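Here are the chains, one letter per residue:
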Amino acid sequence: MPELPELNWIKSSFSEASGNACVEVAAANADLIAIRESESPDAVLVTSRGALRALVLGVKTSDSEIG
C-alpha cells in the first residue's frame, strides 16, 4: 500500500446515522481513493479513481443481484 498522508475521511450518505456501521472515503492523492469501514479504521483499501468509477457504474447498470 502506498504511504498515505493524513486523510480527510467522509462518511457515505448511505450509511447509518448512528453507530459505526458506515463506509468512509478519502482522496489519498490526485489519482487514488482510500476506502474503509468505520468498525475497522486501520483496514484501508486504496484504489484508483478509474477503477472505483468502473466498479460503481458496473454495479449500477447490472441486471443481476450481487451476493
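Quick summary incoming for the structure in this document. (Residues numbered from 1 in each chain as written. Predicted model: local features only at pLDDT ≥ 70, side-chain atom pairs only at ≥ 80, totals over all residues. Heavy atoms only, no water.)

## Topic: the environment of E6
Phase 1: Structurally, E6 is set in the segment before β1 (10–11).
Phase 2: The sequence separation of E6 and A26 amounts to 20 residues, and the corresponding C-alpha distance is 9.8 Å. (Helix = DSSP H or I, 4+ residues; strand = E, 2+ residues; numbered from the N terminus.)

## Considering the nonpolar core
Phase 1: In this structure, L7, W9, A26, A28 and A34 together form the largest nonpolar core, which totals five residues.
Phase 2: Every residue in contact with A34, bar those within four places of it in the chain, is listed here: L7, W9, E24, V25, A26, A28, V44, L45 and V46. (Core = buried A, V, L, I, M, F, W, Y, C linked by side-chain atoms within 4.5 Å. Buried < 20%, exposed > 50% of the residue type's maximum accessible area, 1.4 Å probe, protein only. Contact = heavy atoms within 4.5 Å.)

## Focus on the sheet that holds β1
Phase 1: The strand order across the open sheet built from four strands is β1-β2-β3-β4, with neighbouring strands paired in antiparallel fashion. Only two strands of the sheet have a single neighbouring strand rather than two, namely β1 and β4 (44–48).
Phase 2: Bridge count for β1 against strand β2 (residues 23–27) is two bridges, and the pairing is antiparallel. Across the sheet, I10 pairs through a bridge with V25, a residue of β2.
Phase 3: Relative to β4, helix α1 (residues 49–61) is tilted by about 95 degrees, and along the sheet it contacts β2, β3 (32–37) and β4. (Pairing = 2+ DSSP bridges. Axes fitted to C-alpha atoms, helices over the stretch in contact; angles between N-to-C directions.)

## Observations regarding the environment of S48
Phase 1: Residue position: S48 is located in strand β4.
Phase 2: In this structure, S48 is in contact with D31 and L32, ignoring residues within four places of it in sequence.
Phase 3: Polar side-chain contacts of S48 include one of 3.0 Å to the backbone nitrogen of A51. (Polar contact = N/O pair within 3.5 Å; in protein donor to acceptor, adjacent residues only side chain to side chain.)

## Points about the pairing of β3
Phase 1: With five bridges connecting them, β2 and β3 associate as antiparallel partners. Across the sheet, residue A27 finds its bridge partner in β3, namely I33.
Phase 2: Here β2 hands over to β3 after four residues, the two strands then running antiparallel side by side.
Phase 3: As judged from the five bridges shared by β3 and β4, these two strands associate in the antiparallel manner. Bridge assignment links I33 to a residue of β4, and that residue is T47.
Phase 4: Between the antiparallel neighbours β3 and β4 lie six residues.

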